[in-house]
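Chain and residue survey
Listed below are the residues making up each chain.
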Amino acid sequence: MSKPDVSANSWLTHFQSLHAKHTLETEQNNILQKLTKLEEKTPNNFLDEPISEAEVLSAAKTLKNNKSVYSDKIKNEMLKHSVKILLKLYHKLFNLVLKTGHFPDQWCEGLITPIFKSRVSQEIKLTPITTEEFV
């Protein structure tokens, strides 16, 4: 491997100095001060409050039927019916995630299978495409 043309330090100094020459004008400073005062005057703590059991129940009711949210194939109906039994667990789990600020990586993963459509004898046949076919 060859060495990069630009060192990491020169990249850092370049990006740090990008907006260093710009200064705020009087009007921009006034707007910034007004926004800061407004933020201090009316804090919005709603998003920082713990999640209530009522919110968990309400969210469970809004889940769509006949859907599975992840590759484990747990249907939303199962979650809806289990919330009555596992409400304390869900409540504790979601508040733990909120408190720590660590969102489990697996919750961000999804299972999307690309589909290739081909017409075979007047009917559409859906066949999954593997990643090797894209290379």
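**Describing the confidence of the model for the protein**
- Overall, the prediction assigns the protein a mean pLDDT of 75, with 68% of residues at 70 or greater.
- Low pLDDT, under 50, characterises residues 113–122; the predicted model gives this stretch 20 contacts beyond four residues in sequence or across chains.

**Some remarks on helix 2 (residues 26–41)**
- End to end, helix 2 covers 22 Å across 16 residues, agreeing with the expected 22 Å (1.5 Å per residue, within 8%).
- Of all 16 residues that make up helix 2, zero are buried, and the element is exposed over most of its length.

**Quick notes on the packing of aromatic side chains**
- Considering all chains together, one arrives at one aromatic pair under this definition.
- Between Tyr-90 and Phe-94, the ring centres sit 6.4 Å apart and the planes meet at 25°, which makes this aromatic pair stacked. With Tyr-90 and Phe-94 both in helix 4 (residues 76–100) and four residues apart, this pair spans about one turn of that helix.
- Using a relative accessible area of 14% as the deciding quantity, one classes Tyr-90 as buried.
- For Phe-94, a relative accessible area of 31% puts it in the partly exposed group.

**Focus: helix 4**
- Between the first and last C-alpha of helix 4 there are merely 26 Å, a value that for 25 residues lags more than 12% behind the 36 Å anticipated at 1.5 Å per step.
- Taken as a whole, helix 4 carries its principal kink of about 90° at Leu-86.
- Of the positions making up helix 4, those classed as buried are Asn-76, Ser-82, Val-83, Leu-87, Tyr-90, Asn-95 and Val-97.
- Of the surrounding secondary structure, the elements contacted by the buried residues of helix 4 are helix 3 (53–61).
- Phi turns positive one or two residues past the end of helix 4, at Gly-101, with a value near 80°.

Quick notes on the rules
Residues numbered from 1 in each chain as written. Predicted model: local features only at pLDDT ≥ 70, side-chain atom pairs only at ≥ 80, totals over all residues. Heavy atoms only, no water. pLDDT = per-residue confidence, 0-100. Contact = heavy atoms within 4.5 Å. Helix = DSSP H or I, 4+ residues; strand = E, 2+ residues; numbered from the N terminus. Expected span 1.5 Å × (residues − 1). Buried < 20%, exposed > 50% of the residue type's maximum accessible area, 1.4 Å probe, protein only. Phe/Tyr/Trp six-rings, centres within 6.5 Å; stacked < 30°, edge-to-face > 60°. Bend = angle between axes of the 7 residues up to and from the residue.

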